[in-house]
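Structure assessment
Below, each chain spelled out in residue letters.
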Amino acid sequence: MIPLSLGEIAAVVRGTVEGDGPVTVTAPAVLDGRRAEPGGLFIAFAGEHADGHDYAGQAGAAGAAAVLGSRPSPGSPGPDLAGPDCYSDFSQSTRSRLTSSARSCWTQ
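The rules behind these values
Residues numbered from 1 in each chain as written. Predicted model: local features only at pLDDT ≥ 70, side-chain atom pairs only at ≥ 80, totals over all residues. Heavy atoms only, no water. Buried < 20%, exposed > 50% of the residue type's maximum accessible area, 1.4 Å probe, protein only. Helix = DSSP H or I, 4+ residues; strand = E, 2+ residues; numbered from the N terminus. Arc of directions from axis to C-beta. Core = buried A, V, L, I, M, F, W, Y, C linked by side-chain atoms within 4.5 Å. pLDDT = per-residue confidence, 0-100. Contact = heavy atoms within 4.5 Å. Pairing = 2+ DSSP bridges. Polar contact = N/O pair within 3.5 Å; in protein donor to acceptor, adjacent residues only side chain to side chain. Salt bridge = Lys/Arg side-chain N within 4 Å of Asp/Glu carboxyl O.

On to helix α1 (residues 6–13), then. Here α1 has its buried residues at Leu6, Ile9, Ala10 and Val13. Along the long axis of α1, the arc covered by the buried residues comes to 105 degrees, so they all point the same way. Directly beyond the C-terminal end of α1, a positive phi value near 55 degrees is found at Arg14.

Here's what the structure looks like:
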(Lines give C-alpha, C1' and ligand atoms only; values in the text may rest on other atoms or scores of the structure.)
Protein backbone atom coordinates (compact mmCIF):
# COMPACT_ATOMS: atom_id res chain seq x y z
CA MET A 1 0.00 0.00 0.00
CA ILE A 2 1.41 3.36 -1.05
CA PRO A 3 0.43 6.03 1.51
CA LEU A 4 -1.47 8.89 -0.10
CA SER A 5 -2.66 12.15 1.39
CA LEU A 6 -6.30 13.11 1.03
CA GLY A 7 -5.14 15.96 -1.21
CA GLU A 8 -3.46 13.49 -3.56
CA ILE A 9 -6.54 11.27 -3.65
CA ALA A 10 -8.78 14.31 -4.19
CA ALA A 11 -6.72 15.25 -7.26
CA VAL A 12 -7.16 11.74 -8.70
CA VAL A 13 -10.93 11.61 -8.14
CA ARG A 14 -11.51 15.30 -8.98
CA GLY A 15 -13.01 15.90 -5.55
CA THR A 16 -12.49 18.23 -2.64
CA VAL A 17 -11.44 17.61 0.93
CA GLU A 18 -14.21 18.58 3.36
CA GLY A 19 -13.09 19.05 6.96
CA ASP A 20 -9.92 19.82 8.82
CA GLY A 21 -6.70 18.05 9.43
CA PRO A 22 -4.05 16.52 7.25
CA VAL A 23 -4.77 12.82 6.82
CA THR A 24 -2.75 10.20 5.02
CA VAL A 25 -4.43 6.98 3.94
CA THR A 26 -2.10 4.11 4.83
CA ALA A 27 -4.41 1.08 4.51
CA PRO A 28 -6.70 -0.31 1.80
CA ALA A 29 -9.84 1.36 0.48
CA VAL A 30 -13.02 -0.62 1.20
CA LEU A 31 -16.69 -0.50 0.23
CA ASP A 32 -17.91 -2.30 3.38
CA GLY A 33 -17.58 -0.26 6.58
CA ARG A 34 -17.17 -3.45 8.60
CA ARG A 35 -13.97 -4.22 6.69
CA ALA A 36 -12.33 -0.85 7.25
CA GLU A 37 -8.84 -0.96 8.71
CA PRO A 38 -7.00 1.65 10.77
CA GLY A 39 -5.73 4.27 8.36
CA GLY A 40 -7.93 3.05 5.50
CA LEU A 41 -10.36 4.81 3.19
CA PHE A 42 -14.07 3.99 3.26
CA ILE A 43 -15.75 4.49 -0.11
CA ALA A 44 -19.39 5.44 0.38
CA PHE A 45 -21.86 5.60 -2.46
CA ALA A 46 -25.60 5.52 -2.75
CA GLY A 47 -26.61 2.13 -4.10
CA GLU A 48 -29.95 0.76 -5.14
CA HIS A 49 -30.81 -0.64 -1.69
CA ALA A 50 -28.53 1.20 0.73
CA ASP A 51 -26.59 4.43 1.02
CA GLY A 52 -22.99 3.88 2.04
CA HIS A 53 -22.82 7.39 3.48
CA ASP A 54 -25.02 6.11 6.33
CA TYR A 55 -22.22 3.71 7.34
CA ALA A 56 -19.41 6.26 7.67
CA GLY A 57 -19.61 6.08 11.47
CA GLN A 58 -19.29 2.30 11.35
CA ALA A 59 -16.20 2.60 9.14
CA GLY A 60 -14.75 5.17 11.53
CA ALA A 61 -15.30 2.86 14.49
CA ALA A 62 -13.39 0.18 12.57
CA GLY A 63 -10.49 2.59 12.05
CA ALA A 64 -11.05 4.29 8.67
CA ALA A 65 -9.14 7.55 8.38
CA ALA A 66 -11.53 9.21 5.91
CA VAL A 67 -14.54 8.72 3.65
CA LEU A 68 -14.75 9.10 -0.12
CA GLY A 69 -18.27 9.84 -1.33
CA SER A 70 -20.51 12.05 -3.37
CA ARG A 71 -21.22 14.27 -0.36
CA PRO A 72 -20.02 14.73 3.22
CA SER A 73 -21.07 11.83 5.44
CA PRO A 74 -22.68 12.16 8.88
CA GLY A 75 -20.55 10.44 11.50
CA SER A 76 -17.46 10.50 9.31
CA PRO A 77 -14.27 9.52 11.16
CA GLY A 78 -12.36 12.52 9.81
CA PRO A 79 -12.23 14.67 6.72
CA ASP A 80 -14.34 13.59 3.77
CA LEU A 81 -13.44 13.52 0.10
CA ALA A 82 -16.46 14.68 -1.83
CA GLY A 83 -17.19 15.22 -5.48
CA PRO A 84 -19.92 14.81 -8.08
CA ASP A 85 -18.82 11.33 -9.17
CA CYS A 86 -15.88 10.38 -6.95
CA TYR A 87 -16.71 6.68 -6.99
CA SER A 88 -16.61 6.45 -10.78
CA ASP A 89 -13.42 8.52 -10.96
CA PHE A 90 -11.81 6.34 -8.26
CA SER A 91 -12.80 3.17 -10.10
CA GLN A 92 -11.40 4.42 -13.40
CA SER A 93 -8.17 5.58 -11.76
CA THR A 94 -7.71 2.26 -9.95
CA ARG A 95 -8.42 0.27 -13.10
CA SER A 96 -5.91 2.37 -15.02
CA ARG A 97 -3.21 1.89 -12.37
CA LEU A 98 -3.81 -1.87 -12.17
CA THR A 99 -3.69 -2.22 -15.94
CA SER A 100 -0.46 -0.22 -16.08
CA SER A 101 1.08 -2.33 -13.29
CA ALA A 102 0.06 -5.57 -14.97
CA ARG A 103 1.60 -4.46 -18.25
CA SER A 104 4.89 -3.62 -16.57
CA CYS A 105 4.95 -7.04 -14.88
CA TRP A 106 4.49 -8.83 -18.20
CA THR A 107 7.14 -6.80 -19.99
CA GLN A 108 9.90 -7.39 -17.43
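Now that the structure is up, let's keep going.
Here we take up the nonpolar core. Leu6, Ile9, Ala10, Val13, Val23, Val25, Leu41, Ile43, Ala65, Ala66, Leu68 and Leu81 form the largest nonpolar core, which has 12 residues in total. For this core, the elements supplying multiple residues, two or more each, are α1, β5 (41–43) and β6 (66–69). Examining the composition of this core, we find that 4 residues originate from one element, α1, more than from any other. Counting residues in hydrophobic clusters, the runner-up holds 8 residues, among them Val30, Phe42, Ala64 and Val67.

For the chain, the mean per-residue pLDDT works out to 80, and 77% of the residues sit at or above 70. For residues 98–108, every residue scores under 50 in pLDDT, and the model assigns this stretch 0 contacts once sequence neighbours within four places are set aside.

What follows covers the sheet that holds β5. Strand order in the open sheet formed by 5 strands is β2-β7-β6-β5-β4, with mixed pairing between adjacent strands. Both edges of this open sheet fall to β2 (16–18) and β4 (29–30), since each of them pairs with a single strand only.

Peptide bonds are trans in most cases, and residues, glycine excluded, mostly fall at negative phi. Positive phi, close to 55 degrees, is recorded for Arg14, a residue that is not glycine. Locating Arg14 in the fold gives a position in the loop between α1 and β2. Take Arg14: its relative accessible area is 60%, and that puts it in the exposed class.

Looking at the secondary structure, you find Asp51 in the loop between β5 and α2 (56–62). Within the structure, Asp51 has its side chain in polar contact with the side chain of His53 (distance 2.6 Å). Discounting chain neighbours no more than four positions away, the residues touching Asp51 are Phe45, Ala46 and Arg71.

Let us look at the pattern of salt bridges. Summed over all chains, the structure comprises 2 salt bridges. The salt bridge partner of Arg34 is Asp32, with a shortest N-O separation of 2.8 Å. Accessibility expressed as a relative area gives 63% for Arg34, which makes it exposed. Asp32 sits in the partly exposed class, given a relative accessible area of 23%. Residue Asp51 pairs with Arg71 through a salt bridge whose shortest N-O separation is 2.4 Å. Note that Asp51 is positioned in the loop between β5 and α2 and Arg71 in the loop between β6 and β7 (80–82), a separation of 20 residues in sequence. The class for Asp51 is buried, based on a relative accessible area of 17%.

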